[in-house]
Amino acid sequence: MDLAQTVGSHVHRLRTAAGISLADLAAAGGISRTTLHGIEQGHGNPTLSTLWALATALRVPLGELLETPNSTTDVVRADDDRPRIDGDAVSARLLHRIRLNGSLDVYTINVAQTTQYSPAHLPGVQECLVLTHGSITTGPTDAAVTLAEHDSIRFDANHRHQYQGHGQHNRAVLIMLYPDT
């Protein structure tokens, strides 16, 4: 499913779930009914400003409109065709969207050329890693993947998982997501 179809499907689903008419959402988003209808049909290429206006009118995060279905492990390669939207000064590319009621910890990590196995964390804990330099193999031990610079991964950490660097200088940003207990 391409970005226009993904956005259209989400806008239509959220609008109907909220019981908002096409005309009311168009007015709240500051766009025409025809434009909104086209967006919901998966046509057109809405701007970042339009998507922000629709997300605000629907009272959802922008990522809710851009999210593509994913599994418990989601790998994004640096050159993958992921949802990207452009504004006047900012271009944004959605890597991962993680639903969370809880807290998160953000770390910078270095990964050595040895393998480290981490035991399963508590149910609901997720890890999201964006590799900023080097190459590593990470993820659940039964489905670990090798990441190159600027690739990312998100996985449920309630399974045994691993980290292994390839080369001397492997750095990443690691986000640990913990549900409310």
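Keep in mind that this is a model prediction, so the values were computed, not measured.

Chemist: Lay out helix 1 (residues 3-18) with the relevant residues and their values.
Modeler: Between its first and last C-alpha, helix 1 extends 22 Å over 16 residues, near the 22 Å set by a 1.5 Å rise per residue. Of all the positions in helix 1, only Ala4, Thr6, Val7, Gly8, His10, Val11, Leu14 and Arg15 are classed as buried. Buried residues along helix 1 sit against helix 2 (22-29), helix 3 (33-40), helix 4 (48-58) and helix 5 (63-66). Two residues or fewer after helix 1 comes Gly19, characterised by a positive phi angle close to 70 degrees.

Chemist: A description of the pattern of salt bridges should follow, citing residues and the corresponding values.
Modeler: As enumerated under the stated definition, the model contains three salt bridges in all. Residues Glu40 and Arg15 are paired through a salt bridge, measuring 2.5 Å at the closest nitrogen-oxygen approach. Taken together, the residues span a long stretch of sequence, with Glu40 in helix 3 and Arg15 in helix 1 at a distance of 25 residues. As far as the burial class goes, Glu40 and Arg15 line up, both buried.

Procedures and definitions
Residues numbered from 1 in each chain as written. Predicted model: local features only at pLDDT ≥ 70, side-chain atom pairs only at ≥ 80, totals over all residues. Heavy atoms only, no water. Helix = DSSP H or I, 4+ residues; strand = E, 2+ residues; numbered from the N terminus. Expected span 1.5 Å × (residues − 1). Buried < 20%, exposed > 50% of the residue type's maximum accessible area, 1.4 Å probe, protein only. Contact = heavy atoms within 4.5 Å. Salt bridge = Lys/Arg side-chain N within 4 Å of Asp/Glu carboxyl O.

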